[in-house]
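Coordinate analysis (summary)
As a plain string of letters, each chain reads:
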Amino acid sequence: MRTHRRVRAAGLLSIALAATTLSGAPALASPTTAPQVLPAEAPVSLPSGKVGKNKKDRCPQLKLADNWYGDNAEIIQTAIDKAGRCSWPGGRAPQVRPYAVFDWDNTVIKNDISDQTIFWMLRHDKILQPPGKNWHNTSRFMTVEGAKALRKACGSLAKPGQPLPTSTNVKCADELLSVRKTQKTTTGQAVFAGANERYMEASYAWVGQIMQGYTPAQVRKIAAKARKAALNAPIGATQQVGSSTETAWIRYYPEMRDLIKTLKKAGIEPWVVSASPKEFADVWGPGVGIDSAHTIGIEQLLRKGKLSGHLKGCGGLPDGSDSIMTYIDGKRCFINKIILGVKGARALKPMPRSLRPTVAGGDATTDVSMLRDATGAHVVLNRNKDELMCHAYDNADGRWAINPMFIQPLPQKQGLYPCSTTAYIDAKGNHGPARRNDGSIIPDQADTVFGQP
């Protein structure tokens, strides 16, 4: 991929040139490491007036700027104008081509592609019995109680590698669905334990790992069928999955499609960085003009051309260790690894400013590290996620653009976000205060950007 090679070569050169700003290669973060402290940034001064009304402006403009909340369009447009091709000296691209990164579920779209794909698979008997009928083979973080519950519900229904009859067997469907939705068995016991909670969400990884035995092409075909069903379903539609009633629809946000299109016109390369399997993102990305070469997701190693259930590594954590994925600090790691070509433990750390994304978009704490790394605009769809919203409302650099969800936004959160006490979760799952880039504690924040009931 030419783009990848160009950015990677330029990125490594810039890292070398910036060596004086970094004290050598960083050590691998320990499970008890405090939040990464980034250099302080000065608040941005925003222009006044409407966005995109100046006909002499050579930068591509957001066409749906009026659909954004408050001055969010100005914040985003300022980032595009500053980093885009109209600001390139002589019109020539900089050594490190500017880029943007976006979470997928509930950021670029409304609702969740992993949910809809799992729902579709359960309704169409597409989940395979794991090797040896042993559900430990689907996640190294699965508890004994979780594996026993799944074997009890599903173990007698099919041979290893064969489809489970989840469209008709409610007990098996409910047990699988409970793992996905609650990370607990139907009797309330924890299904996963032991993962580094800044690198992994074991239940998210499990969505990809239960695809083992399929080829990537077969998974993309399944995801495409689930996509068609979700886009065809009316807004608000539900479906029966096992004994549960679940959401049945997804929609692309026109405003995010417009933003991504504008970034591309401005010479800023957009990437998807999803905590869903890469094969799912590959299918959905073209709907906003992002091809599979620019999608990053949970990615598995192959065994004889089929998904193995074991994940590609990052940040010095080796392939097959299943210890890191595109989750919180893991998102930063895979951005640095795949977009910039950074190797080893250094990929877990923030890069020099010239190598960070210009724009980042997200909706949950999953996205907080890559959002904090953005230099131009931090675009947040408000879903009331504590750690993310603490940083967003604190707005330390003046570049945080908080927006209600464009479809069915949430009402105002009652009470304050517990920023000063419990908003941050460390690698072991312990709660603590959220901290600014300089290490100071963020005070509790009120929810002020929300939808109408």
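Let us look at the structure shown here. (Residues numbered from 1 in each chain as written. Predicted model: local features only at pLDDT ≥ 70, side-chain atom pairs only at ≥ 80, totals over all residues. Heavy atoms only, no water.)

**Here's the deal with the nonpolar core**
Counting residues in hydrophobic clusters, the biggest one holds 126 residues, and the most contacted among them are Trp135 and Leu176. Setting aside residues up to four positions removed in sequence, Trp135 forms contacts with Leu128, Gln129, Pro130, Met142, Ala147, Leu150, Arg151, Cys154, Leu164, Leu176, Trp206 and Ile210. (Core = buried A, V, L, I, M, F, W, Y, C linked by side-chain atoms within 4.5 Å. Buried < 20%, exposed > 50% of the residue type's maximum accessible area, 1.4 Å probe, protein only. Contact = heavy atoms within 4.5 Å.)

**Digging into the environment of Pro357**
You can see Pro357 is positioned in the loop between helix 10 (329-339) and strand 10 (359-362). Sequence-wise, Pro357 and His378 are 21 residues apart; in three dimensions their C-alpha atoms are separated by 9.8 Å. In contact with Pro357, not counting residues within four places along its chain, are Tyr99, Val101, Met370, Asp373, Ala374 and Thr375. (Helix = DSSP H or I, 4+ residues; strand = E, 2+ residues; numbered from the N terminus.)

**Quick notes on the state of the cysteines**
Applying the stated criterion across every chain yields a total of 4 disulfides. One disulfide bridge connects Cys314 with Cys333, the sulfur atoms lying 2.2 Å from each other. When the S-S torsion is -105°, as for the bridge of Cys314 with Cys333, the disulfide is left-handed. One end of the pair, Cys314, is in the loop between strand 9 (306-311) and helix 10; the other, Cys333, is in helix 10, with 19 residues separating them in the sequence. Each member of the pair, Cys314 as well as Cys333, is classed as buried. Counting its disulfide-bonded cysteines in sequence order, the protein shows a connectivity of 1-2, 3-4, 5-6, 7-8. (Disulfide = S-S within 2.5 Å.)

**Some points on the environment of Leu157**
Examined against the element boundaries, Leu157 turns out to sit in the loop between helix 4 (144-154) and helix 5 (170-182). Leu157 gets classed as partly exposed once you look at its relative accessible area, which sits at 27%. Through-space distance from the C-alpha of Leu157 to that of Cys172 is 8.7 Å; in sequence the pair is 15 residues apart. Ignoring any residue separated from it by four or fewer positions in sequence, one finds Leu157 in contact with Gln129, Leu164, Pro165, Asn169 and Cys172.

**Digging into the packing of aromatic side chains**
What the rule picks out here adds up to 7 aromatic pairs. Look at Tyr204 and Tyr327: their rings are 5.9 Å apart centre to centre, the planes differ by 85°, and that puts the pair in the edge-to-face class. In this pair, Tyr204 is assigned in helix 6 (residues 202-209) and Tyr327 in the loop between strand 9 and helix 10, connecting sequence segments 123 residues apart. Measuring from ring centre to ring centre gives 5.3 Å for Tyr253 and Phe406, while their planes differ by 70°; the resulting arrangement is edge-to-face. Highlighted residues: Tyr253 in the loop between strand 5 (251-252) and helix 8 (254-265) and Phe406 in the loop between strand 12 (400-404) and strand 13 (424-425), separated in sequence by 153 residues. There is no split in this pair, since Tyr253 and Phe406 are both buried. Three or more aromatic residues joined by ring pairs make a cluster, and in this case those are Trp68, Tyr253 and Phe406. (Phe/Tyr/Trp six-rings, centres within 6.5 Å; stacked < 30°, edge-to-face > 60°.)

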